[in-house]
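# Results of the structural survey
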Amino acid sequence: MFAYLLRRVLYAIPILIGVNLLTFTLFFVVNTPDDMARLQLGAKHVTPEAIERWKVEHGYDKPLLLNRDAQGSAQFTDTIFFKHSAAMFAFEFGKGDDGRDIGNEIVTRMGPSLAIALPVFAIGLLVNISFALLMVFFRSTYLDLWGVVLCVVLMSISGLFYIIAGQFFIAKLWNLLPISGFADGLDAFKFVLLPVLVGVVSGIGSGSRWYRTIFLEEIGKDYVRTARAKGLSEVRVLFRHVLKNGLIPILTGAVVVLPLLFMGSLIVESFFGIPGLGSYTIDAIQAQDFSVVRAMVFLGAVLYIVGLILTDLSYAWADPRVRLQ
Amino acid sequence: MSAIQPVILWTDALVFALVAGVTGLVLYIRRHEHLRAPWAGVARQPMAMGSALVLAVFVVIGLLDSLHYRERLPDSPPDKPQYSVEVLSAFDALVGPLRTQQEKTYSAPLAMHLYAKEFVDHDGVVVREYPRLKYGGAHLESAAAHWADIVRRVLLGSVQGLAIALLLVGVLAAWQARRSRQSYGEWLTVFGTGRLGWPGRTLATMLALIAIAIAVLLHLAAGYHVLGTDKVGQDVLYISLKSIRTGLVIGTLTTLVTLPLAVVLGIAAGYFRGWVDDVIQYVYTVLNSIPGVLLIAAAVLIVQVYIESNPELFDTAAARADIRLLALCLIMGMTSWTGLARLLRGESLKLSTLDYVEAARAFGVSHSRILGRHIFPNVFHLVLIAIVLDFSGLVLAEAVLSYVGVGVDPSMYSWGNMINGARLELAREPVVWWQLGAAFAFMFTLVLAANLFADGVRDAFDPRLGGRR
Amino acid sequence: MSTLLKVEQLVTEIGGARVVDGVSFTVATGETYALLGESGCGKSMTALSLMRLLPDGGRIASGIVRLGESDVRALPEREMRSVRGGRMAMIFQEPMLALNPVMKVGEQIVEALALHRGLSGQPAREAARALLDAVGVADPVRRLDSYPFELSGGLRQRMMIAMALAGEPELLIADEPTTALDVTIQAQVLDVLRRLKGERGMGMLLITHDLGVVAENADRVGVMYAGELIEEGSRADFFAAPQHPYSRMLFRALPRAGDSGRLVTIPGQVPKLTEPLHGCRFAARCPHAAPRCRQESPGWQALGGQRVRCHFAGQLGDAVPQAAGEAVTSQLTQPAADLLRADTLEVHFPIRRGLFQRTVGRVRAVDGVSFTIPAGRTLALVGESGCGKTTVGKALLRLVEPTAGTVQLDNETLGERNLARLRRQAQMVFQDPFSSLNPRMRVADILLEGMDALKVGEATQRRAAVARLLKQVGLPDDAGGRYPHAFSGGQRQRIAIARALAVAPRLVICDEPTSALDVSVQAQILNLLKDLQAELGLAYLFITHNLAVVEYLAHEVAVMYLGRIVEMGPAADILRTPRHPYTQALIAAVPRLDGRGGQQARLAGDQPSPLDPPSGCHFHPRCPHASETCRRVYPRASTLAGNHVVSCHLLTPS
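Conventions used here
Residue numbers restart at each chain and count upward from 1, following the sequence in its written direction. Chain A is the first chain written and ligand 1 is the first ligand written, with later ones labelled in order. pLDDT decides what is reported in this predicted model: residues at 70 or higher carry local features, side-chain atom pairs at 80 or more are listed and counted, and totals for whole chains, interfaces and linings draw on all residues regardless. The side-chain values count all of the structure's non-hydrogen atoms but skip hydrogen atoms and water molecules. For the purposes of this entry, the term helix denotes a DSSP run of H or I that reaches at least four residues, the term strand denotes a run of E that reaches at least two, and both are numbered from the N terminus. Contact criterion: two residues are considered in contact whenever any of their non-hydrogen atoms come within 4.5 Å of each other. For the accessible areas, the method is Shrake-Rupley and the probe is 1.4 Å, while residue cover comes only from the protein chains on display. The axes used here are C-alpha line fits, helices contributing only the stretch in contact, and every angle between their N-to-C directions lies in the interval 0 to 180 degrees. What sets the label is the angle itself: under 35 degrees gives roughly parallel, over 145 gives roughly antiparallel, 65 to 115 gives roughly perpendicular, and the rest give oblique. Crossing chirality is assigned from the near helix's rotation relative to the far helix, an anticlockwise turn below a right angle marking it left-handed and a clockwise turn marking it right-handed. Classes in brief: Ala, Val, Leu, Ile, Met, Phe, Trp, Tyr, Cys and Pro nonpolar; Asp, Glu, Lys and Arg charged; the others, Gly included, polar. Once two parts are joined, some of their accessible surface, as seen by a 1.4 Å probe, is lost; buried area is that loss totalled over both. The salt bridge definition used is simple: a Lys or Arg side-chain nitrogen within 4 Å of an Asp or Glu carboxyl oxygen. Distance and chemistry together define a polar contact, namely a pair of N or O atoms within 3.5 Å, with one atom able to donate a hydrogen and the other to accept it when in protein, and with adjacent residues in sequence counting only for side-chain atoms on both sides. Cavities and pockets were defined on a 1 Å grid built from protein atoms only: a cavity is a group of points that admits a 1.4 Å probe but offers it no way out, a pocket is an open group of points flanked by protein on both sides within 12 Å along at least five of seven lines, and a lining residue is one with an atom within 4 Å of any such point. Grid points are joined across faces, edges and corners, and a volume is the space filled by probe spheres set on the points. Start and end points for every domain follow an automatic or database-based domain assignment. Any two strands are treated as partners once DSSP identifies two or more bridges connecting them.

## Quick word on the overall build of chain C
When helices and strands are counted, chain C shows 22 helices and 24 strands. Once the C-alpha set of chain C is aligned to its principal axes, its extents read approximately 75 × 65 × 50 Å. Here the analysis covers contacts within chain C between residues at least 6 apart in sequence; of these, 67% occur between residues at least 24 apart. Looking at chain C as shown, the accessible area adds up to about 25600 Å², and 49% of this sits on carbon and sulfur atoms.

So this is what it looks like as structure tokens:
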């Protein structure tokens, strides 16, 4: 078990190096600091001096990989790669274009992101599983057929529509909840409610349809027939046998996104003005703040790998047949 | 010395290559009974066939909109013709006035007045009122006849649409009756009782609905802006229809990029195992671990920089927007092949241990032949299901990416840009809802049709996954 | 004996097919009634109808099902639930699939105890332990906390039986309870069932395709064909004189001891139940069919204690139809030249563990196997599942790379460079006729594949070769243009044989080619293999677990246990006078048609894992004669008279 975990963690290192090299290539090689400066400074015909100044301000005035002017190990450390890419392994992200420390921003913005993402995840899972079980219980009836059609209709609606319609009807027209914004402490509740509702509803269609397929696959298996042959009622069969087996793929499939919840949801946070990591990211993209984007890429990759490891652990925990070695 | 100069944008070329490819595939499938059988299964499902009809309408519009040209400038010398910088399409030519009849600013659907009050000069007296539109309802004397006119047009359109639909069904019946050597009446009886073996009634109903919708729209659009106008007074119906091509291109070309990567890498990983598998798994774990939006954002920004630093490569705004669209398809394809590759890897892993593959190995059949004859044909249905399932997701993703600012070029007609441009207008009083509504409605129709069709395909090709009924 | 179960004119439909059509029978208290038939005949559906557990889309259309005094069809679902698992319990074919994989077996048994006996907590656990005792599970307390995947096949099936017994049923329905098990384990499980039925006075409905199982366990027999019951009688009567032509042909299709003559095959196929059927359903395949048979469905005719649905009941005489041709004697007396020689062949699979995936152990799938196959002869490789016999076959063809040992073909040692030569000379026929043919290739392309790859003959002549091959294996001329799904299991196996023959090999490795097939189809394939051997001078390595088939086909037999050959020699010697205790047990475990197999001593326990084979003689933990030496030293091979080689300490003079 321990050896397994250690191996997975060690395996994460080449992955992160790969991510790092990829972002380095995208942000510094394909797209040189000069290009960035030009894009940032706006006008097409900026002076070379302005570009140079911008690069110095942002610490992009060094060579990419090898600094021939420097001495000793500084030849390698006093470079863009070392300062901006390798440093991320130490979770040193530097400063964004607004001059704030990215690491600090991430820490303070995680809270609001989680306040939305965690309830959406948990409630969504519960709602989807319940809805899927309901359809499976009434399988081969019209209830099931129309349930599936409803799911397809729900998943055919753009996520943006749920947000806009939610804001328009619930907040603007009926004045039930604030349109957007966020507050600290318990006041956050009323701000959180609408985004969570929107998040859950927009996931129902695809989620419950997928879970229904999983449950249906289980219900066709021989052990379900054995359970019925024992004389168990259909409800008991569903809850004691089918649910338990079906939950294994569902839970383990859900675990992989668990760490990524820290990153928040880009669109929801941006629409609802939640000061989380999602809106941070989207602002950075729109402002073309590359250091923030790079930091978020790295953070996302780390969290994804944590998710993969958690998935394996949850398999071993939920399914007696799986042993980690 | 032609009046027009055909323009083939990159995506046009790819779209028509795709059409050619699909046609070839269809011909190939028609000749192979075991490939035809699941499609016959799709054809038996009413929901799938109804959706296919709707999709066909979208596809026709999209294809018409992919035949691009530039008009010759009227005052250019005949020996050295110059062409307009505006790139038009066959679709534009077809809808004609819809494009050119531009109002001043917002107007509600079917309105005859502008959305906002303005100072209007009435024979020297300046009044602040809702001015009449230049084109919408311009044929009417007064507002009194407004609704009667609309009702008249709707009724007329419905009757004509129905008539056309009946005519089409009649012709179809005659043809089918002759083919199956039945009398006309017999065929109609079989048709009416739903014993055709294909969902004739559903198709006829959908056909009638589509014909009526088109006829009504034509009648209304002749006199009004059916879905209103946007901020700069452009017809929203026109924008929505133009956006169809963007949606279709993103939904199809992206998969075209995804496919070779996913198929080659997925199958190779599953079949060869060992270090090949390790390397491929490493690559897709790296790609997967980067949040998709961020990767797309980074890549789009790079493309943006490239376009801006090489303006001389693009002679028109349309060409510039088109390159960005193509780049978006490429980038989304690069980030989204991993899912299918993983699926194909698992399936190839399973297939490569099957007895028929062992039998081929016992003959010393080469790897390439085993992959080509034993593995690929047996995972093809998964590829197909993935294509149709991914399509709707990609159409929806376009809207989100355009909102984030890393989608298609802002000058391009797309539902994402429509939503992005209009979402703040909901705060106005009275609400400007029609632009959002139109974008969502069009997107919903396309995605729903695609999803229902995908369901049908999946049920027919992979009964194990389906089990809908 | 009172009537426990009474079924009358039961009709069950699934989709448009009448899978059970007018079946009537009774089961008395304490009696075992066997429902015998080939796959798809409706026997399982009959059982599921009784339990009202039909799959989606299935329904009982008409008929009466009476359990004791209650009308099973009329019971409301609520009361039916107390009958299911209570008065009437069922065990299924595949115990791995039939148990919930993520629930401890103890919990699964307790669930039934709670439902039908109202037990919970410690008393329930105690009762569960008692049940495990009853079904002969060693160390029951520990086993209660096992998950199904931790148990062997035999143990799982015992758990299923324990679960079925939890409600103290009056009637036990056993649907092919031992089909998925090895023959020694099958014998153990059938013993348990027989004993329990006796102890508890249950009625038992035994559903099986295996005449041997019926002979050893049933009191009365009903034969089903195409959804109908066509013959019924006491076991003794039925086995002495089967009445229906179908029953008789089934007997003759079975290879049996001391008879290597041609097997009777049943031509044609079972009619499709979705189509309207007229007359006797067997008429199209029956050698006695008269015009009347095709028009008029025969009613029941009583013949002493037996009854049969045949127009010619009692008129067919005792003579069962003879085979078309006489046996082709391929028993060569003079020794032929060795075609293939395997010398200490070894296939070990490494097990990697830990941080750096170091090899911590090896699965010794094949562990030093040597044998020779003379040209034109058949060597049968016999053993239970997991003994490594399939791996031997694959290692010979280098489908699995051997880790040690050599393979010689015509005295030429095979290596990487002369692989193509090997592939021309040796080919393989696989077990599962469904997974061995690519569903997306035409039959002709399947047959051409090998010829193209190995460049056999002129490219232009290969099409003609395909036609010849199809004819050779008895397939219609137009088969080449069709896809595999158009063919039945037996026909697919013919295609697979034709594919192997396409490159004109001298050795064909047949890996359980008939174990997925019904008896009547098995007979066709066995006849075909025998004919081809006579015609083409083929040598076979026949890998099987079925000893009856061995007798019919093999000249020599090698018995494998845990990756090693424990006994090898001429077929007749091994089967008549087995010397190794394992071979003796294997042969004793085969159910016999005379019903006298049940008295033999059973082999205890399961085959150990090849990952960690027992020290000394691998067989010693299960061997009744094991001594101290057996526990320490693996026995050397000793050669007895007539090339009979045995690895057992009992036979080596110390």
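Moving on from the coordinates now.
## What about the packing of helix H10 (residues 274-289) of chain B against helix H12 (residues 317-351) of chain B?
Residues and elements named next belong to chain B. The geometry of H10 relative to H12 is characterised by a closest axis approach of 9 Å and an angle of 140 degrees between their N-to-C directions. Considering the angle they form, H10 stands oblique to H12. Remark: the crossing between H10 and H12 carries left-handed chirality. In this structure, H10 contributes Asp-277, Gln-281, Val-283, Tyr-284, Leu-287 and Asn-288 to the contact, and H12 contributes Met-334, Trp-337, Thr-338, Ala-341, Arg-342 and Arg-345. Its residues placed into classes, the contact of H10 with H12 shows six nonpolar, three polar and three charged.

## Some thoughts on the interface of chain C and chain B
Often the size quoted for an interface is simply the accessible area lost on bringing the parts together. Facing 28 residues of chain C, the contacting portion of chain B comprises 21 residues. For the pair chain C and chain B, the two sides together bury roughly 2200 Å², of which 53% comes from carbon and sulfur. Among the residues chain C hides against chain B, the three largest losses belong to Leu399(C), Arg440(C) and Glu449(C). Together they make up 29% of the total. Across the contact surface, chain C and chain B share one salt bridge. A salt bridge links Lys394(C) to Glu358(B); the shortest N-O distance between them is 3.6 Å. Linking chain C with chain B are 12 residue pairs in polar contact (both at pLDDT 80 or more). Contributions of two or more residues to the side of chain C that touches chain B are made by helix H15 (443-454) and helix H17 (489-501) of chain C. Considering each element in turn, the side of chain C that touches chain B owes the most residues, six residues, to H15(C). Residues belonging to the side of chain C that touches chain B are distributed by class as follows: 11 nonpolar, seven polar and 10 charged.

## Considering empty space enclosed by the protein
In total, this model carries nine cavities of 30 Å³ or more according to the counting rule given. Roughly 80 Å³ of internal volume is contained in the largest cavity. Taken together, Thr226(A), Ala229(A), Lys230(A), Gly85(C), Ala89(C), Met90(C), Ala112(C), His116(C), Met160(C), Met163(C), Ala164(C) and Gly167(C) make up the full set of residues lining the largest cavity. Elements represented by at least two residues in the lining of the largest cavity include exactly helix H10 (222-229) of chain A together with strand S6 (88-91), helix H4 (105-117) and helix H7 (153-165) of chain C.

## As for the domain arrangement of chain A
Residue and element names in this part refer to chain A. Here chain A is partitioned into domain 1 (2-90) and domain 2 (110-318). Its C-alpha centre places domain 1 at a distance of 36 Å from the equivalent point of domain 2. Between domain 1 and domain 2, the residue contacts involve 20 residues of the former and 17 residues of the latter. Regarding the contact of domain 1 and domain 2, the summed buried area is about 1600 Å², with carbon and sulfur atoms giving 74% of it. Considering only the surface of domain 1 that becomes buried against domain 2, Arg-8, Phe-27 and Met-88 emerge as the three largest contributors, covering 32% of it. Counting every contact that joins domain 1 to domain 2 gives one salt bridge. Here Arg-8 ties to Asp-312 by a salt bridge, and the two come within 2.3 Å at their closest N and O atoms. There are two residue pairs in polar contact (both at pLDDT 80 or more) connecting domain 1 and domain 2. Those elements that provide at least two residues to the side of domain 1 that touches domain 2 are helix H1 (2-30) and helix H2 (33-41). Ranked by the residues each element gives to the side of domain 1 that touches domain 2, the list is headed by H1, at 12 residues. Residues that form the side of domain 1 that touches domain 2 fall into these classes: 14 nonpolar, five polar and one charged.

## Thoughts on the sheet that holds strand S20 (residues 539-544) of chain C
All names here are of chain C. The strand order across the open sheet built from eight strands is S18-S19-S20-S15-S21-S22-S24-S23, with neighbouring strands paired in mixed fashion. Every interior strand has two partners, whereas the edge strands, strand S18 (426-429) and strand S23 (637-640), have only one. Recorded for the sheet is a direction-independent mean angle of 20 degrees between the axes of neighbouring strands. As judged from the five bridges shared by strand S15 (residues 378-382) and S20, these two strands associate in the parallel manner. Note that in S20 the partner of Leu-379 across the bridge is Leu-541. Where helix H13 (residues 389-396) meets the sheet, its contacts fall on S15, S18, strand S19 (507-511), S20 and strand S21 (556-561), and the angle it forms with S20 comes to roughly 150 degrees. Sitting on the sheet, helix H18 (residues 519-536) is in contact with S15, S19 and S20, with an inclination near 155 degrees to S20.

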